[in-house]
Amino acid sequence: MIKLTDIVVKFGEFEALHNINVHVKEGEFFTFLGPSGCGKTTTLRTITGFIEPVSGKVEMQGRDITRVPIEKRNIGIVFQSYALFPTMTVHDNIAFGLKIKKLKKDEIEQKVKTIARKVDLTDEQLAKAVSQLSGGQQQRVAIARALVTEPAIICMDEPLSNLDAKLRVQLRNELKKMQREFGITTIYVTHDQEEALTLSDRIAVFNKGYIEQIGTPNEVYNFSKTEFVANFIGDINRLEGEAVKGLHLDKNRHHFIRLERIRVNRPKDEGEYQTKGVIESREYYGLYIKYYIRIGDQSVKVIEKNDGINIYDVGETVTVGIHPQDVMSYDA
């Protein structure tokens, strides 16, 4: 569907993207994830045509679009700021692209009303100025405007970052539902790991202009390819001292384990390393409890499902178990 081959982007002498290779399949929800300044938005802007690479190729449905102008790429774009016209009505914002395409008035009306229903915008809201809408409603308008022209692909650059946490979660679920219903290929940019894990079919993890790993949410979380990915995606423990020795791990490498993989007060499994630890502190989240447990010369974070009965107190001694296969190891 969309294929990037050996894309290099430079700003003056600074090389922002180093040989980026990505293949997004048709109908896929594909996320570019990484910290600020890592190259994810630059890659998106290269796909949409705002940036021209110094070398490499952008293909869409088998056609080379590397030098094709933005307006001829048939790509819908939702910007971080939404880039809506605040004094225009919601209806006119959505209809803008259709008017540019010189569609007939009755065809524009029909398309605007159809897309508005699909993104839960009422006739009353269509008549309002964009500035009168809430952040969540404005986001729906931006998505409707991007989809109404029936693009082959929709690109979204941090579209939820301006919303409060609760609304972000709500709209995240709606976004995925909409994407499934439309079946449209979606490329999504975010720095939020939770957002990437919940929304994506596959994720490309960016770091300093390189892609560290491309994989499903499960692959990047449970089988992180590099130390950067292991640390960036979710929470993790780096194992040291006693644990490294007890697990017979190579002390010249770096070793990590996810919080939920450490077992507390369980019968010993075959091949499992077990040791005693002391509860240093705990954080109560309702669904689960996060414990900080001192084992030897380090403290590890552990997540335990909250059953309402087995809750460990600060100062309590517990048994800590680690399976060697749950440890991710990287060259130092």
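Reading the values: rules and limits
- Residues numbered from 1 in each chain as written.
- Predicted model: local features only at pLDDT ≥ 70, side-chain atom pairs only at ≥ 80, totals over all residues.
- Heavy atoms only, no water.
- 1 Å grid on protein atoms, 1.4 Å probe; cavity = no way out; pocket = protein on both sides within 12 Å on 5 of 7 lines; lining within 4 Å.
- Points joined across faces, edges and corners; volume = space filled by probe spheres on them.
- Helix = DSSP H or I, 4+ residues; strand = E, 2+ residues; numbered from the N terminus.
- Nonpolar A, V, L, I, M, F, W, Y, C, P; charged D, E, K, R; others polar.
- Salt bridge = Lys/Arg side-chain N within 4 Å of Asp/Glu carboxyl O.
- Buried < 20%, exposed > 50% of the residue type's maximum accessible area, 1.4 Å probe, protein only.
- Pairing = 2+ DSSP bridges.
- Right-handed = clockwise from strand over helix to strand, strands pointing away.

Here the focus is empty space enclosed by the protein. Applying the stated criterion across every chain yields a total of 1 cavity of 30 Å³ or more. In this structure, the largest cavity spans a volume of roughly 70 Å³. Lining of the largest cavity is provided by F29, I143, L147, I154, M156, L175, M178, Q179, F182, I184 and T186. Those elements that place two or more of their residues in the lining of the largest cavity are α5 (135–147), β7 (153–157) and α6 (165–182). Per-element accounting of the lining of the largest cavity gives the leading share, 4 residues, to α6. Grouping the constituent residues of the lining of the largest cavity by class yields 9 nonpolar, 2 polar and no charged.

Per the counting criterion, the structure on display carries 14 salt bridges. Taking the shortest distance from any N to any O, the salt bridge between E194 and R172 comes out at 3.0 Å. Taken together, the residues span a long stretch of sequence, with E194 in helix α7 (residues 193–199) and R172 in helix α6 at a distance of 22 residues. The class of R172 is buried, set by a relative accessible area of 7%. Across the pair R263 and D269 runs a salt bridge, and its minimum N-O distance is 3.5 Å. Residue class for D269 comes out partly exposed when judged on its relative accessible area of 31%.

A separate point is unusual backbone geometry. Phi at D6 is positive, roughly 50°, even though this residue is not glycine. Within the secondary structure, D6 is located in strand β1 (residues 2–11). Accessibility expressed as a relative area gives 39% for D6, which makes it partly exposed. In the Ramachandran plot, E158 falls in the positive-phi region, its phi being about 50° despite a non-glycine side chain. Inspection of the secondary structure assignment puts E158 in the loop between β7 and α6.

Burial runs high along β7: 5 of the 5 residues are buried. Judged by which residues are buried, β7 turns out to be covered on both faces: I153, C155 and D157 on one side and I154 and M156 on the other are all buried. Bridge analysis of strand β6 (residues 75–78) against β7 gives 4 bridges, and the strand direction is parallel. Looking at the pairing, I75 lines up with I153 of β7. Of the strand pairs in this sheet, β7 and strand β8 (residues 185–190) are connected by 5 bridges, and their pairing is parallel. Bridge assignment links C155 to a residue of β8, and that residue is I187. Crossover β7 to β8 through α6 is right-handed.

Just distances and angles here, no functional claims.
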